[in-house]
Amino acid sequence: MIAEIGIISTGVAFVAAAYALIAALIGVRTRRDAWVISARNAALSTFPLLTVASLVLLYALLNHEYSISYVWQTTDNATPTFYLYTALWGSQAGSLLFWSWLMSAFTFVALLLNWRSERRLMPYVLAATMATLGFFLILNVFIENPFERYWLTPGETQPVSALFRPAGNSEVFTPSDGTGLNPLLRHLGMVIHPPMLYLGFTGFVIPFAFAFAALATGQLGASWIRATRVWALIAWLFLSLGLLLGGRWAYDVLGWGGYWGWDPVENAALLPWLTGTAFLHSAVVQEKRGMLKFWNMLLIIVTFLLVILGTFATRSGVVSSVHAFAESEIGIPMFTFLAGSALISVALLVWRQERGDLRGADQLDSVFSRESLFLLNNWLFLGLMVVVLWGTWAEAITTILVDLGLRDTIINLGPNYFPPVVRPFLVGIFILMGLAPLAAWRRSTAQRLGRSSLIPFLLAVAVMVLLLVTGVDNILALFGFGLVAFAGFATIFEVGKGVAARHRRGEGYWSAFSNLIGRDRHRYGGYFIHLGVVVMGLGVIGSTSFQETTQQTMTPGERLTLGGYTMEYNGLYDATAEDGRRMTIARATVYQDDDVVAQIRPRRDTFYTWDSNAQTMTPTTNMSIPGSHSTLSADFYAIITFWEGNTATFRVYFNPLINFLWIGGIILIVGTLVALWPSRQPATRVQYAPAVAAAQTSGDR
Amino acid sequence: MARGLILAALVGLVALSSAPLPAAAQSGDTLPPGVTWDDVNRVGRQMFCDVCEGIPLDECESIACVQWREEIARQLGEGRTDDEVIDYFVERYGSEVAAIPRDPLDRFIAFAVPAALVAVFGVIGLFQVRRLRQRGHRAGEVARRSAVRLQQRPVPADVDDDILTRLEQELEGLDQ
Amino acid sequence: MTEQTNPRSPAGQDDLPDWLEQVTQVETRPDEPVQQRLSTFGVLAILAVMAAIFVIGYSLYKANQTTPTEGPAPAFSAMTFDDEPIALEGWRGQAVVVNFWASYCAPCRDEAPMLERLWQDYRDQGVVFVGINTDDIERNARAYLDEFAITFYNAPDVKGKIEDDYRITGIPETFVINTEGEIVRHFLSTPRERELRDEIERALNS
């Protein structure tokens with residue numbers, strides 16, 4: 001019964017999206033408003049329909065409806081309720097439905113909020129959002145439908161999973177228990193990480209839709225940016241959160257002592273983040289100075305295409321990665337959508353550029369002006385994105401060359417490749433992070449910029465000298481610390497200047513500070529975000545340049561030393577957890593200068609499943625959970641790689657400053673929330689005079 | 001996400017290619033004299049596991065990788081250098097086994113492509129900045145590429161009065 | 001798409017409020033036909049997108065290729081563990097059983113005695129057994145061959161070319177090839193002896 005409701009509601013949602021797309025385009029062609037209104041209503045209806053479908057799936061999960069194959073695949077009777085909820089996105093079909101639901105929700109809100117103020121853009125916004133939603137619903141309805149059920153035909157031994165009743169008097173088959181969620185996914189970070197990424201990805205579709213509409217209609221002013229600036233920032237927030245959580249989960253659970261592996265799927269999420277960050281910065285220039293229109297269009301289009309590419313690469317098995325989904329048939333439809341939207345949007349962009357419609361106030365009064373630095377920022381982020389893209393796709397590109405006979409070998413680029421290639425760009429970005437807030441708009445000179453940046457620069461040099469004196473002799477790291485410190489001091493300086501100015505006019509420091517932020521949340525939120533990035537930079541430099549690691553086999557009583565800590569291995573013992581996994585736990589004591597600092601328990605979890613052939617429980621997955629001692633200055637982190645009897649081989653990491661990474665991430669999130677907080681000032685909106693608005697809505701584009 | 005699915009597939013692959021991993025099967029304790037795990041990991045970090053996709057050899061836990069690491073340890077024990085060991089593996093198992101290409105030409109290409117792209121971007125960027133600067137000097141003249149006329153436009157075309165006011169306010173604070 | 005032809009401001013600038021136009025005294029002439037020509041930038045942009053689409057599409061095509069279960073068997077040549085050169089073409093006219101294995105693979109160990117037994121049974125009937133050793137350490141592979149007293153041809157897959165050509169997804173995998181050089185059957189994991197015998201008979205009589 002409920003499966004039928006789910007099937008019908010997703011089917012109708014697909015029809016509505018397709019209709020909305022067609023009706024919007026007809027409305028544009030025939031310049032009849034009635035079509036556009038109808039398209040809007042159809043688009044709005046997709047949200048309640050998909051909400052119903054998602055609730056149906058959720059209901060099925062919570063009530064263990066194993067006749068639905070998706071429920072059977074992702075849960076079992078022993079799954080705790082929390083993981084029943086999160087199984088909604090636990091597997092391909094459910095996560096696609098979740099994605100479609102998010103897309104419809106965002107479109108719903110975007111349409112309602114902007115219908116009147118951006119009326120001229122609306123038909124094409126509808127077209128772009130409904131095209132994307134419609135495509136994902138094609139996947140959801142026809143290929144990966146989460147409401148498929150098991151049918152047993154009399155005479156067959158195996159139930160078959162299908163959407164509609166197969167021929168031959170089949171009946172719905174309800175297994176008594178499910179398979180359960182993969183153990184690696186039963187972690188809080190792993191549960192939140194996908195929805196955060198989806199929120200980020202789908203969030204960027206809205207600014208893209210408005211940009212597409214702006215290109216199509218010729219409304220190339222800043223109105224589309226103003227309308228979607230908040231969307232872009234929210235999407236960026238979730239994408240950043242998703243990336244941070246992914247890194248944290250990898251560090252906590254996967255047990256390889258790191259947080260970022262430059263894996264193709266990780267890169268797939270990073271790439272749109274890079275261009276999205278550039279877009280957020282560049283949009284400011286268009287709003288303030290009317291410049292960089294082409295850049296903003298390019299950046300948001302590229303971000304959207306990278307989002308689709310990222311989803312495609314993750315789900316279609318195209319890149320060789322440990323993250324990638326199993327192969328499914330959605331590869332070809334996704335590729336078609338990617339190719340189609342790439343061609344259409346780039347063609348539109350090129351057309352407008354060739355016509356000169358994207359010319360703005362394109363003039364630079366000075367190379368040292370803030371606009372110039374923002375322009376340089378765009379180039380740096382774009383370059384960084386291209387370089388990471390190359391590193392990820394080099395294997396695919398050289399495979400083609402090999403198959404064409406132009407080369408002998410495939411070039412495969414691993415994690416060691418990226419840091420040296422990425423560093424030059426990061427250096428530039430951090431320099432800009434420090435200089436740009438200090439630079440003035442329009443006219444500026446080298447001397448003026450130099451004067452404003454003198455004190456932060458000196459402070460940064462002082463930091464470098466201090467570090468050198470206290471024994472840090474790694475030149476690269478020293479330089480990195482100095483750079484990051486420069487950016488940090490410059491940002492603090494900017495904020496301090498503002499506070500001081502207000503204080504001079506008679507406010508107390510604290511009220512000056514809060515009023516300053518309240519007056520321009522966007523800007524000061526941005527400064528906090530930069531400070532967060534600075535702190536994260538410190539964490540990255542510390543944990544990369546100064547990481548120490550060792551692997552040793554130990555018997556109880558033996559000690560090993562690493563990074564100023566001593567670890568004494570005490571012994572091994574077994575235990576069984578409630579969900580049936582067997583844990584082998586090592587006890588170890590961590591000393592620092594002969595003082596007991598911590599007791600850590602790295603362990604190995606083995607999960608068992610029933611093997612019907614062997615008629616016994618066989619071990620399947622094996623997880624390595626680290627034991628660690630975390631302080632602000634470093635993490636001492638140990639995992640078991642092998643054990644036999646009482647002898648265990650440990651791999652131990654000393655990660656200095658790694659917690660700065662997570663703290664910086666929190667500062668970044670807080671800063672974004674500050675930037676997003678609605679301002680007390682009335683929104684500056686372009687109000688059309690009633691007569692003009694009426695004329696425009698009737699002779700609609 | 002459906003990491004569940006790929007992990008199931010990965011487990012399936014591991015199951016096909018090796019026994020399900022009982023703990024003791026991870027024979028990790030036979031090191032030749034003079035070779036430490038750190039040495040093995042130092043080499044392994046520069047390699048990929050050919051059996052499991054995308055996992056560096058020092059982290060991979062499949063039984064094939066365990067044996068490969070033992071072989072690395074054995075070869076290091078024989079006195080081979082890191083490079084010789086990696087080259088042996090690349091020779092035998094293909095270039096995908098190394099995390100950075102061993103062939104000097106390939107390595108050059110790997111690093112040259114981004115360098116070339118940066119150079120191209122740099123040149124385009126410089127030209128763009130120069131052109132924008134020139135326009136800045138010729139106060140307010142904007143040449144349209146597709147039309148032949150010049151246009152006097154001292155103020156950007158799409159600007160609100162609110163923004164003008166704010167601009168003026170900000171400009172006030174600059175001359176300090 | 002229509003253009004709002006405002007004689008005072010060219011296309012795309014109708015955001016300009018009245019008071020500002022008066023201040024700046026924009027001089028305009030009626031719109032000249034805009035030349036639609038594609039500059040180098042445009043051409044390069046379209047080309048870049050098409051190149052990217054091609055790369056992605058081809059990667060998808062490769063990812064979707066599955067293990068061959070019929071059609072001509074991919075050719076290969078190799079050097080056995082006994083330093084004897086072998087090639088698939090050299091066995092045209094005989095049935096060939098190609099088995100992919102490695103010493104660390106438990107199901108391979110299970111099927112090794114059966115394979116050797118079948119080889120002994122069929123070697124005089126024009127059937128060749130070939131074992132391809134993938135991703136294995138040589139000494140372990142040789143130890144495995146000694147342990148099971150395997151006498152049919154076995155060769156290491158240098159640089160993984162043969163396993164790539166046959167697009168195997170795991171081990172053990174067995175291919176039965178008929179006298180014309182076509183794959184008649186592909187076994188994923190260990191075949192049952194009865195089934196393998198039947199397939200060999202079929203390959204011989206093709």
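Residues numbered from 1 in each chain as written. Chains lettered and ligands numbered in written order. Predicted model: local features only at pLDDT ≥ 70, side-chain atom pairs only at ≥ 80, totals over all residues.

## A few points about the overall build of chain A
Each helix and strand counted, chain A has 19 helices and 13 strands in total. For 701 residues, the compact-globule formula gives about 27 Å, and the C-alpha radius of gyration of chain A, at 28 Å, lands near that figure. Oriented by its inertia axes, the alpha-carbon framework of chain A measures out at about 85 × 85 × 60 Å. Per-residue burial over chain A gives 55% buried out of 701 residues. (Helix = DSSP H or I, 4+ residues; strand = E, 2+ residues; numbered from the N terminus. Rg over C-alpha atoms; globule rule 2.2 N^0.38 Å. Buried ≥ 20, exposed ≤ 12 C-beta atoms within 10 Å, placed from the backbone.)

## Some words on the packing of helix α11 (residues 331–355) of chain A against helix α2 (residues 40–64) of chain C
With their axes 10 Å apart at the nearest point, α11(A) and α2(C) run at an angle of 175° to one another. Taken together, the axes of α11(A) and α2(C) lie roughly antiparallel to each other. Contacts from Gly331(A), Ile332(A), Phe335(A), Leu338(A), Ala339(A), Ala342(A), Leu343(A), Val346(A), Val350(A) and Glu354(A) in α11(A) reach Gly42(C), Ala45(C), Ile46(C), Val49(C), Ile53(C), Ile56(C), Gly57(C), Leu60(C), Ala63(C) and Asn64(C) in α2(C). Class assignment of the residues belonging to the contact of α11(A) with α2(C) gives a composition of 15 nonpolar, 4 polar and 1 charged. (Axes fitted to C-alpha atoms, helices over the stretch in contact; angles between N-to-C directions. Parallel < 35°, antiparallel > 145°, perpendicular 65-115°, else oblique. Contact = placed C-beta atoms within 7 Å. Nonpolar A, V, L, I, M, F, W, Y, C, P; charged D, E, K, R; others polar.)

## Describing unusual backbone geometry
All names here are of chain C. Omega for the peptide link from Ile 171 to Pro 172 comes to 0°, which places this bond in the cis form. When you line up the elements, Pro 172 lands in the loop between α5 (161–165) and β7 (173–177). A positive phi angle is found at Arg 167, which is not glycine, with a value near 50°. If you trace the backbone, Arg 167 turns up in the loop between α5 and β7. Unusually for a residue other than glycine, Ser 189 sits at a positive phi of about 75°. Given 15 C-beta atoms within a 10 Å radius, Ser 189 is considered partly exposed.

## Brief notes about the sheet that holds strand β1 (residues 149–152) of chain A
Residue and element names in this part refer to chain A. Strand order in the open sheet formed by 3 strands is β2-β1-β3, with antiparallel pairing between adjacent strands. The sheet is open, and its two borders are formed by β2 (160–162) and β3 (171–172), each paired with just one other strand. Inspection of the sheet shows β1 paired to β3 by 2 bridges, in the antiparallel sense. The partner of Leu 152 across the bridge, within β3, is Glu 171. (Pairing = 2+ DSSP bridges.)

## Quick word on the domain arrangement of chain C
Quoted interface sizes are often the accessible area lost when the parts come together. Domain boundaries in chain C define domain 1 (37–65) and domain 2 (75–204). Computed over C-alpha atoms, the centres of domain 1 of chain C and domain 2 of chain C are 41 Å apart. (Domains from an automatic or database assignment.)

## Quick look at the pairing of β1(A)
The sheet contact formed by β1(A) and β2(A) spans 3 bridges and is antiparallel. Each residue of the ladder has a partner; that of Trp151(A), found in β2(A), is Val160(A).

## Topic: the confidence of the model for chain A
Residues and elements named next belong to chain A. Mean pLDDT over chain A: 88, with 95% of residues reaching 70 or higher. Of all the helices and strands in chain A, helix α19 (residues 690–698) carries the lowest mean pLDDT, 48, while helix α18 (residues 658–676) carries the highest, 95. This stretch, residues 691–701, has a pLDDT under 50; its non-local contacts, to residues over four places away or in other chains, come to 15 contacts. (pLDDT = per-residue confidence, 0-100.)

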